[in-house]
Amino acid sequence: MSQVAVRVNGDQVSVDIDDLKMGKLKNETIKWNLQTQGWTFPSDGIVIHDNDGQFTDFKVNGGGKVFSCVDANTNTKNYKYDVKVTDGKRVLVLDPTIGNEGP
């Protein structure tokens, strides 16, 4: 399982891994863990751009503090994605990358 820590500082959201490399593991779960109090993931907290079926099973858990999906990782493409968090009044967005390193 790959894990990414997500934090909010002022009006900025950040992740501890800007370019997540998936290695060769297939059907790997990715979990984003929100570390900042007062913020949660909305239902569309992670949106993979140009998702061609590689990413499935998107879920919010842990009272909105954990977002997960499964990466088939059967290709060697890079995917930009949005991380969205909310404090109930506003939504902050960041656009890091997932790098599949399949077969």
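Below is a summary of the structure that appears in this document.

The rules behind these values
As a convention, each chain's residues are numbered from 1 in the sequence order in which they are written. Local features are withheld for residues below a pLDDT of 70 in this predicted model, meaning they are given only at 70 or higher, and side-chain atom pairs are given and counted only at 80 or more; totals for whole chains, interfaces and linings count all residues. Calculated side-chain values reflect all of the structure's heavy atoms, with hydrogen atoms and water omitted. Runs of H or I in DSSP of at least four residues are treated as helices and runs of E of at least two as strands, each being numbered from the N terminus. A simple rule labels every residue: compare its accessible area, found with a 1.4 Å probe on the protein chains alone, to the largest value its type can have, and call it buried under 20%, exposed over 50%, or partly exposed in between. When two rings of Phe, Tyr or Trp (its six-membered ring) have centres within 6.5 Å they constitute a pair, described as stacked for plane angles under 30 degrees, edge-to-face for angles over 60, and tilted for the intermediate range. Any carboxyl oxygen of Asp or Glu within 4 Å of a side-chain nitrogen of Lys or Arg constitutes a salt bridge here.

## Considerations on unusual backbone geometry
For Asp50, which is not glycine, the phi torsion reads 55 degrees and is therefore positive. When you line up the elements, Asp50 lands in the loop between β5 (46-48) and β6 (55-61). Overall, Asp50 belongs to the exposed group, its relative accessible area being 67%. Positive phi outside glycine occurs at Asp57, with the angle close to 60 degrees. By the secondary structure assignment, Asp57 is in strand β6.

## Regarding the packing of aromatic side chains
For the structure shown, the criterion picks out four aromatic pairs. With 4.9 Å between their ring centres and 85 degrees between their planes, Phe55 and Tyr79 make a pair best called edge-to-face. Placement of Phe55 in strand β6 and of Tyr79 in strand β8 (residues 78-86) is noted, with a sequence separation of 24 residues between them. The pair Phe55 / Tyr79 is uniform in exposure class, with both members buried. Taken together, the ring pairs in this structure connect Phe41, Phe58 and Phe67 into an aromatic cluster.

## Focus: the pattern of salt bridges
Per the stated rule, a full pass over the model turns up six salt bridges. Measuring nitrogen to oxygen at the nearest pair gives 3.2 Å for the salt bridge that ties Asp19 to Lys21. Note that Asp44 is salt-bridged to Lys84, the shortest N-O span being 3.0 Å. With a gap of 40 residues between them, Asp44 in the loop between β4 (28-34) and β5 and Lys84 in strand β8 connect regions that are remote in the sequence. Judged by relative accessible area, which is 34%, Asp44 ranks as partly exposed. Taken together, the shared-partner salt bridges in this structure form one network comprising Asp11, Asp87 and Arg90.

Treat this as a map of the structure, not an account of what it does.
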